[in-house]
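# Inside the fold
Each chain, letter by letter, is given below.
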Amino acid sequence: MNDHYLFVNKPLPYDYNALEPYIDTKTMELHHDKHLQTYVDNLNATLKNYPALHSWSLEKLIINANRLPKEIRTSVKNNAGGVYNHDFFFQGMVNSQVKEPVGKLSTAIDKTFGSYNGFKTKFKQAALSVFGSGYSWLVLDRLGNLKIVTTANQDTPITQNLCPILTIDVWEHAYYLKHYNKRVDYIDDWFQVVNWEKAEENYLKCKMGTNSKV
Ligand code: MN3
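Residues numbered from 1 in each chain as written. Predicted model: local features only at pLDDT ≥ 70, side-chain atom pairs only at ≥ 80, totals over all residues. Heavy atoms only, no water.

### A short note on unusual backbone geometry
Here is the rule: Counting from the N terminus, the helices are DSSP H or I runs at least four residues long and the strands are E runs at least two residues long.
A cis geometry characterises the amide bond from Tyr5 onward to Leu6, with omega recorded as -15 degrees. By the element assignment, Leu6 lies in the segment before helix H1 (25–47). For the peptide bond that leads from Glu20 to Pro21, omega is 0 degrees, which places it in the cis range. Positive phi, normally seen in glycine, also occurs at Asn153, with a value near 50 degrees. Among the secondary structure elements, Asn153 is positioned in the loop between strand E2 (146–152) and strand E3 (163–169).

### A short note on the side chain of Thr46
Our working rule: Definition of a polar contact: a pair of N or O atoms within 3.5 Å, with one able to donate and the other able to accept a hydrogen when the atoms are protein atoms, and with sequence-neighbouring residues admitted only if both atoms are side-chain atoms. The contact criterion used is simple: two residues touch if any of their non-hydrogen atoms lie within 4.5 Å.
Its place among the elements puts Thr46 in helix H1. One polar contact links the side chain of Thr46 to the main-chain carbonyl oxygen of Asn42, over a distance of 2.7 Å. Residue contacts for Thr46: discarding those within four places in its chain leaves Ile72, Ser75, Val76 and Asn79.

### Remarks on empty space enclosed by the protein
Note the threshold: Buriedness of a pocket was judged along seven lines, with at least five required to meet protein on both sides within 12 Å; pockets are open sets of points on a 1 Å grid over the protein atoms alone, cavities are sets where a 1.4 Å probe fits but cannot get out, and lining residues have an atom within 4 Å of a point. Grid points are joined across faces, edges and corners, and a volume is the space filled by probe spheres set on the points. Gly is put with the polar residues, along with every residue not named as nonpolar or charged; the nonpolar set is Ala, Val, Leu, Ile, Met, Phe, Trp, Tyr, Cys and Pro, and the charged set is Asp, Glu, Lys and Arg.
This structure, assessed with the given rule, holds one cavity of 30 Å³ or more. Computed from the structure, the largest cavity encloses a volume of approximately 80 Å³. Along the wall of the largest cavity there are 15 residues; nearest its centre are Asn9, Lys10, His32, Leu36 and Asp87. If you list the elements that add at least two residues to the lining of the largest cavity, you get H1 and helix H3 (70–91). Taken together, the residues of the lining of the largest cavity break down into nine nonpolar, four polar and two charged.

In structure tokens, the structure reads:
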């Protein structure tokens with residue numbers, strides 16, 4: 001992806017059908033090619049007449065949204081957030097035999113939540129608690145503590161100085177075709193395709209404080 005305007009919708013790092021039977025092909029096609037594409041297009045359209053912002057990274061736009069010209073503030077917040085969150089969500093899944101946390105993140109999860117199962121229970125509760133549209137996240141706070149947080153709509157944890165490690169999109173478009181209204185079944189299936197290697201990579205970057213590209 002360009003790290004600034006013109007933003008592009010980079011291809012998924014796997015085939016559309018790679019996450020079957022847990023996340024279906026049609027959902028992945030629509031989610032990436034239509035939903036995410038719309039956020040990319042709207043973000044570019046919003047920034048088009050603001051050349052001073054064309055060198056700004058996605059993270060910089062999100063974190064400094066309140067300093068932007070008032071007339072584009074909401075649009076940048078929603079659409080840059082939509083691009084950032086979807087990219088993070090898609091990168092965080094994989095077709096792999098690795099079904100549990102690995103490395104230093106695994107140790108930190110055990111220490112914080114008692115066990116992987118303890119983490120799963122809490123993360124699932126959080127993902128179910130999102131009213132309407134949003135995301136549930138595993139993040140690292142400034143003090144180096146793992147936390148589970150939720151965000152509404154296309155809000156992101158990076159505006160709260162939290163470093164993201166893992167996320168699940170719980171907007172209905174993420175699961176409705178296969179799981180209908182049963183978000184709980186979707187969350188269980190999502191746990192089967194979590195990219196724990198990527199989560200470990202994110203965790204190590206967060207620990208070093210180098211995850212921010214601002
Ligand atoms: Mn989505």
